[in-house]
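Read off the chains here:
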Amino acid sequence: MQAQSIEIPFQDIDSIPLLIKDFLNHKLSDFSNYTFSLENIKERIKEKKEAFSTEKRQILSQVLAEQYQDFELTQAQTQNLEALKEADTFSITTGHQLNLFTGPSFFIYKILQTIKTAEYLNQKLGEKVVPIFWMASEDHDFEEINHFKTPSHYYEFKAPSGGAVGRIKVEDQSFISEFEKEFKDSIFGTELILWMKEAYAKGNTLSKATRSIAQRLFASYGLLCIDGDHPQLKQQMTGIFRDELLHQSLKRESQRLVDFLSQDYKKVQVNPRDINLFYLTNTRNRIELQNENFKVVDTELSFTKKEMLAELSHPERISPNALMRPIYQETVLPNLAYIGGNAEIMYWIELKDYFQYLHLPYPILIPRNSMLFLTEKTVKKIHKLGLHISDFFRNFAQVISEQLLKNQPLDSLLKEKENALKNLFDELKAKASLTDISFRNLLEAEEKRQTKSFLRMQKRLLKAEKIKQNERLEQLERLFLEVHPMQTWQERLINFSTFYADEGQQWLKTCYEKMNVEQAALIISSKPLAPTVWGTLRP
């Protein structure tokens with residue numbers, strides 16, 4: 001049966017950051033040319049054609065061919081790889097960490113959106129557009145990526161940490177046997193188990209494991225994965241690395257936008273450091289300038305200025321941090337747009353002036369879509385309680401209050417009397433100028449006191465209704481957890497295997513078909529799936 005779906009634009013979801021909403025609504029004047037539209041894409045094509053050299057295309061093609069030498073490419077991948085050598089071929093890119101077995105399911109959604117966006121542009125434009133996945137292989141926070149969850153299990157991979165996670169080799173395979181127990185009886189469970197065993201064979205790096213799974217999932221769509229931990233790619237960054245070491249340019253050039261975000265949005269997603277580079281050996285450690293020497297934090301390594309600059313002849317030893325990575329990516333790819341989560345888009349916004357300083361084309365930014373899969377049973381419960389699915393993406397405490405106080409005459413009476421009180425005080429304050437200022441001060445204090453009394457009565461009424469309607473309250477709270485397992489978005493918690501096990505490739509096709517590349521939205525699908533008890537999830 002075809003899944004039914006609805007879309008909720010990000011602008012209508014309470015928890016989406018205001019900065020993202022303003023970006024989508026073209027309220028950021030500096031960024032109106034960098035939201036997704038065909039007109040803006042055409043402008044980026046002009047810029048990238050001028051900036052991205054034939055030599056860079058040759059290097060990119062060689063590196064990708066080398067990184068895929070152990071894999072059999074599909075026809076679509078081969079065509080895309082060849083096309084990247086041509087001056088009229090560009091890329092749409094997304095990226096993510098190398099989470100165990102892809103981690104949360106939004107890994108799948110952001111890649112599918114990238115693939116579909118590339119296909120959309122191929123149909124609309126004369127140029128060729130290739131989907132690319134940037135593997136965050138140099139991240140060193142192993143604890144962030146060494147696990148994944150299904151509704152009933154938590155899987156974890158053990159390995160020495162501290163260095164670039166993409167270089168970690170598989171030794172611990174205990175999670176595979178546990179995964180096999182859970183999925184061996186599922187319709188497509190055997191396929192998933194074989195993928196896992198193939199990817200996480202002993203001796204494989206996590207980079208190779210992630211590429212292997214991406215190959216199984218997306219090769220037919222022509223997706224190409226790139227690993228930035230490569231000396232030929234890093235060589236193109238030596239001038240920027242040198243400038244960062246000598247002049248700390250990223251922090252200086254991003255200061256205007258950092259100040260703007262701090263003042264207008266009260267938050268900077270990632271604060272620039274003085275030097276936004278790591279030194280990469282068996283571990284990955286920050287580089288700091290201390291007393292005219294370059295110190296590698298938490299190690300005994302220290303370099304004079306001359307020695308540090310000499311290290312640039314081995315660019316593979318230098319690793320960009322989260323803010324420098326977008327610069328690296330846009331330097332080595334013929335990229336038009338980046339598709340990222342809200343947090344990613346928010347720190348890309350910080351970097352626009354720095355891109356301009358480097359004379360590097362700044363890409364279109366596309367907040368990735370979100371997806372949610374619900375059973376028809378859950379949807380029916382939502383409707384039975386008189387709710388709409390969008391209510392679960394508002395302030396749910398307010399939704400509960402509205403539901404419990406609906407048709408409660410005391411609530412209506414309190415609001416009526418509160419409005420009458422406000423009107424009375426407005427009338428009195430309008431005449432207060434006829435006497436001494438002290439009388440108006442008294443009125444304002446008394447209004448504040450009596451308004452607080454009404455607020456206390458409303459809170460007490462809600463508390464009383466929660467006791468009286470305890471069963472309904474529990475129904476609402478249980479339903480909230482069906483939509484938001486462990487009080488978070490489903491896509492940020494549950495691994496794709498939960499859905500793939502029952503539907504296989506058809507699930508991927510459904511996600512692809514439902515994906516809207518022209519609007520940032522939460523896409524909610526429902527169909528009669530096997531019921532899932534989200535409450536069994538382990539923290």
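Residues numbered from 1 in each chain as written. Predicted model: local features only at pLDDT ≥ 70, side-chain atom pairs only at ≥ 80, totals over all residues. Heavy atoms only, no water.

**Observations concerning the pattern of salt bridges**
- Here the structure, examined in full by the defined rule, presents 29 salt bridges.
- A salt bridge links Lys110 to Glu344, with the shortest nitrogen-to-oxygen separation between them at 3.1 Å. Linking Lys110 in helix 5 (residues 106–124) with Glu344 in helix 16 (residues 342–349), this pair joins segments that are 234 residues apart in sequence. Of the two residues, Lys110 and Glu344, neither departs from the other in class, the shared state being buried.
- Its salt-bridge partner being Arg449, residue Glu446 comes within 2.3 Å of it at the nearest N-O pair. Pair noted here: Glu446 and Arg449 are both in helix 21 (residues 437–468), with a separation of three residues, about one helical turn.
- Taking the relative accessible area as the measure of exposure, Glu446 reaches 25% and is therefore partly exposed.
- Judged by relative accessible area, which is 48%, Arg449 ranks as partly exposed. (Salt bridge = Lys/Arg side-chain N within 4 Å of Asp/Glu carboxyl O. Helix = DSSP H or I, 4+ residues; strand = E, 2+ residues; numbered from the N terminus. Buried < 20%, exposed > 50% of the residue type's maximum accessible area, 1.4 Å probe, protein only.)

**Overview of the packing of aromatic side chains**
- The final tally for this structure, using the stated rule, is 35 aromatic pairs.
- A centroid spacing of 5.9 Å and a plane angle of 65° characterise the contact between Phe142 and Phe157, whose relative ring orientation is edge-to-face. Taken as a pair, Phe142 in helix 6 (residues 142–145) and Phe157 in the loop between strand 5 (154–156) and helix 7 (174–183) lie far apart in primary sequence, 15 residues in all.
- For Phe142, a relative accessible area of 3% puts it in the buried group.
- Where Phe188 meets Tyr500, the ring centres are 6.3 Å apart and the plane angle is 70°; that geometry is what we call edge-to-face. Pair noted here: Phe188 is in the loop between helix 7 and helix 8 (189–199) and Tyr500 is in helix 23 (residues 497–503), with a separation of 312 residues, a long-range link.
- Its relative accessible area of 28% is what places Phe188 among the partly exposed residues.
- Among the aromatic residues, those joined into a ring-pair cluster are Phe101, Phe148, Tyr155, Phe179, Phe183, Phe188, Trp195, Phe496 and Tyr500.
- Across the ring face of Tyr357, the terminal group of Arg252 is positioned such that the distance to the ring centre comes to 5.3 Å.
- When the ring centre of Phe278 is taken as reference, the NZ or CZ atom of Arg284 above it lies at 3.9 Å. (Phe/Tyr/Trp six-rings, centres within 6.5 Å; stacked < 30°, edge-to-face > 60°. Lys NZ or Arg CZ within 6 Å of the ring centre and 35° of its normal.)

**Some points on the pairing of strand 15 (residues 521–527)**
- Extensive coverage of strand 15 is indicated by the burial of seven of its seven residues.
- Of the two faces of strand 15, the one holding Ala521, Ile523, Ser525 and Lys527 and the one holding Leu522, Ile524 and Ser526 are both buried throughout.
- As paired elements, strand 1 (residues 4–9) and strand 15 share six bridges and run antiparallel to each other. When the bridges of strand 15 are listed, Ile6 appears paired with Ile524. (Pairing = 2+ DSSP bridges.)

**Topic: empty space enclosed by the protein**
- Applying the stated criterion across every chain yields a total of one cavity of 30 Å³ or more.
- The calculated volume of the largest cavity comes to roughly 40 Å³.
- Lining the largest cavity, in full, are Met371, Leu372, Phe393, Val483, His484, Trp489, Gln490, Glu491 and Leu522.
- Its residues placed into classes, the lining of the largest cavity shows six nonpolar, two polar and one charged. (1 Å grid on protein atoms, 1.4 Å probe; cavity = no way out; pocket = protein on both sides within 12 Å on 5 of 7 lines; lining within 4 Å. Points joined across faces, edges and corners; volume = space filled by probe spheres on them. Nonpolar A, V, L, I, M, F, W, Y, C, P; charged D, E, K, R; others polar.)

**Observations regarding the confidence of the model for the chain**
- In this model, the chain carries an average pLDDT of 94, and 97% of its residues clear a pLDDT of 70 or more.
- A low-confidence stretch, residues 531–539 stays under pLDDT 50, and its non-local contacts, those more than four residues away or across chains, total 22 contacts. (pLDDT = per-residue confidence, 0-100. Contact = heavy atoms within 4.5 Å.)

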